[in-house]
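# Remarks on the overall topology
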Amino acid sequence: VTRRTIQTWFLVHKWTSIVCTAFLLMLCVTGLPLIFHDEIDALTATGALDPALRPAAIGSSQEAPHFRSLDAMLATALTTRPPGEVPLFMAFDNDRTAMTITTGPTPDAPGSEMTLQSLDRASGRVIGSEDESGVMHVLLQLHTDMFLGLPGMLFLGAMGLLFIAAIVSGVVLYLPFMRKLPFGIVRASRSRRVRWLDYHNMLGAVTLAWAAVVGLTGVINTLATPINRMWQANELAEMTRAYAGRGALPPERYGSIDKAMTAARRAMPGFNPQFIAFPGGSFSSKHHYAVFFQGSTPLTERLLTAALIDAEHGTVTAIGRMPWYGQALALSRPLHFGDYGGLPLKILWALLTTMTIVVLGSGLYLWLGRRSPSTAGHVREIETGATMEPAE
Amino acid sequence: MSAVRRRRQSSWTVFAPLVWTALATSFGLFIALTGDGARDLLAWPAVGVPVGVAVWALHRRRC
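This write-up is about the structure you can find in this document. (Residues numbered from 1 in each chain as written. Chains lettered and ligands numbered in written order. Predicted model: local features only at pLDDT ≥ 70, side-chain atom pairs only at ≥ 80, totals over all residues. Heavy atoms only, no water.)

### As for the overall build of chain A
Helix and strand counts for chain A come out as 12 helices and 8 strands. The principal-axis extents of the C-alpha atoms in chain A amount to approximately 80 × 50 × 40 Å. Pairs at least 24 residues apart make up 64% of the contacts formed inside chain A by residues separated by at least 6 positions. Carbon and sulfur atoms make up 63% of the accessible area of chain A, which amounts to about 17,600 Å² in all. (Helix = DSSP H or I, 4+ residues; strand = E, 2+ residues; numbered from the N terminus. Contact = heavy atoms within 4.5 Å. Areas by Shrake-Rupley, 256 points an atom, 1.4 Å probe, with all protein chains shown as cover.)

### Looking at the overall build of chain B
The secondary structure content of chain B amounts to 2 helices and 0 strands. In chain B, which comprises 63 residues, the proportion classed as buried is 43%. Per element, the accessible surface of chain B, about 3,700 Å² overall, is 67% carbon and sulfur. (Buried < 20%, exposed > 50% of the residue type's maximum accessible area, 1.4 Å probe, protein only.)

### Topic: the sheet that holds strand β5 (residues 273–277) of chain A
Residues and elements named next belong to chain A. Reading across from one edge, β4-β3-β2-β1-β5-β6-β7-β8 is the order of the 8 strands in this open sheet, with antiparallel pairing throughout. With one partner strand each, in any of the chains shown, β4 (126–129) and β8 (316–321) form the two edges of the open sheet. The mean angle between the axes of side-by-side strands here comes to 20 degrees, regardless of whether they run parallel or antiparallel. Relative to strand β7 (residues 305–310), strand β6 (residues 288–293) runs antiparallel, the two being bridged by 6 bridges. (Pairing = 2+ DSSP bridges. Axes fitted to C-alpha atoms, helices over the stretch in contact; angles between N-to-C directions.)

### Overview of the environment of I382 of chain A
Looking at where I382 of chain A falls in the secondary structure, it is placed in helix α12 (residues 375–384). Beyond its immediate stretch of four places on either side in the chain, I382 of chain A contacts I6, F10, L173, P176 and F177 of chain A.

### Topic: the nonpolar core
Counting residues in each nonpolar core, the largest one holds 57 residues, and the members touching the most others are Y340 and W349 of chain A together with L29 of chain B. The dominant element in this core, judged by the number of residues it contributes, is helix α11 (residues 342–368) of chain A, at 9 residues. Not counting residues within four places of it along the chain, the set of residues in contact with Y340 of chain A comprises R302, P334, L335, L345 and W349 of chain A together with L29, A32, L33, D36 and D40 of chain B. If you look at the next biggest cluster of nonpolar residues, it comprises 24 residues, including M73, F92, I101 and M268 of chain A. (Core = buried A, V, L, I, M, F, W, Y, C linked by side-chain atoms within 4.5 Å.)

### Quick notes on helix α9 (residues 257–267) of chain A
All names here are of chain A. Along α9, the residues classified as buried are I257, D258, A260, M261, A263, A264 and R265. Buried positions along α9 lie against α3 (70–79), β1 (86–92), β5, β6, β7 and β8. Looking at where α9 begins, the residue whose side-chain oxygen comes 3.2 Å from the main-chain nitrogen of D258 is S256. (Polar contact = N/O pair within 3.5 Å; in protein donor to acceptor, adjacent residues only side chain to side chain.)

### Side note on the environment of F89 of chain A
Residues and elements named next belong to chain A. Tracing the backbone through its elements, the reader meets F89 in strand β1. Once the C-alpha coordinates of F89 and M114 are considered, the two residues, 25 residues apart in sequence, prove to be 9.8 Å apart. Once residues lying within four places of it in the same chain are set aside, the contact partners of F89 are T100, I101, T102, M114, F275, I276, A277, F278 and F283.

### Re the interface of chain B and chain A
Contact residues are listed per partner, giving 38 residues for chain B and 39 residues for chain A. Roughly 3,500 Å² of surface becomes buried between chain B and chain A when both sides are summed, with 73% attributable to carbon and sulfur atoms. At the junction of chain B and chain A, the tally comes to 6 residue pairs in polar contact (both at pLDDT 80 or more). Elements with a contribution of two residues or more to the side of chain B that touches chain A: α1 (11–31) and α2 (38–61) of chain B. (Buried area = accessible area lost by both parts, 1.4 Å probe.)

### Considerations on the packing of helix α1 (residues 3–35) of chain A against α11 of chain A
Residues and elements named next belong to chain A. Relative orientation of the contacting elements α1 and α11 amounts to 150 degrees, with a least axis distance of 9 Å. In terms of orientation, α1 and α11 fall into the roughly antiparallel class. Of the two possible hands of crossing, α1 and α11 adopt the one that is left-handed. The segment α1 lies against α11, with K14, I18, T21, L24, L25, C28, V29, L32 and I35 engaging K346, W349, A350, T353, T354, T356, I357, L360, G361, L364 and W367. (Parallel < 35°, antiparallel > 145°, perpendicular 65-115°, else oblique. Left-handed = near helix turned anticlockwise from the far one by under 90°.)

In structure tokens form, the structure reads like this:
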């Protein structure tokens, strides 16, 4: 590796890191409690599932004898909301009897105006609702878009790309720096700067793959809105071509959800629905209930297939798998959230996040507390593995 | 702490620990996606490799 190459990669590492570090620190700090959102939500839930019926069936079941109908569940959810509010989503917990219903003032209401309620299909009761003023909601909004909507999401996506560039350039610089040093070295007897340089390199090296996967999947997640719009403009438009030019179906003409679900299940035997998107939202057309079915294996259960049901008449009009970019988004979610391998994986996720915070913090310290401000000085430090620094 | 090596190491020697750690982590991340139970049991130690290596390095620092 030539001196010029080191200098180029050093400048890439320096500037990509400087620009993204503050935002990455915010994302790590807000992401830490979000890893355990299920556990925290369970602790703060106001209601409870009916224990007698809990193991009997799952939230989307059509056959469980004691379950309330989907139409009845929707009516229950709407009674708690102001008059005129409309349903947007109905989602099912396919491990328990729980389900959620999201409502809003209009069919195309933005996320900030939506209300999400959890209900138990066994008892028919509301067992909780999302509190938009709660700490977890504030953390989620900060982590997702910094309360700036789509521009905020795309900005954080750009920070994620800079983070990936910082990782790549860091790996390139690792080679000349470690040429004469053993792996994992932390020179505790040297100056504080060298010690933190070693912490930065060691922790950055071991968290490399995890940070790259979480960073890259985070970038894909920030593209959720453009991806949904692209799906709507292409595949969904093709599936609903026969409805083109018609006005939006008013909510008072929405037909039975149970009838629509029965038709969808008949068209997709053996699959469990994950959620229903109501007409007019970002996941459906203006005339359809879109029932999204999970695949039947652990891997494919994250890859969704949409069945479009005419919302007025309850008939299946089209079935189509999500396109590759939709599937990429679906697979990127668990890989970013770390919520797919039980509590031990979540604990490891939290430890790796903490290690990443140390890498980011030590990088900031090394930049702010630099002794030699010149690029040539940093290049010499990298070439020698900081072995020329005086002992403390 | 072992003495600092003065001899230049090959690129593979420098990168091998990173490659093995990254492969273990990636294996763990993706095997957990494909199922529960035994696959989770494989995933936890694999994703735990970077944490284990960091603990080893920090412990060695004090020796």
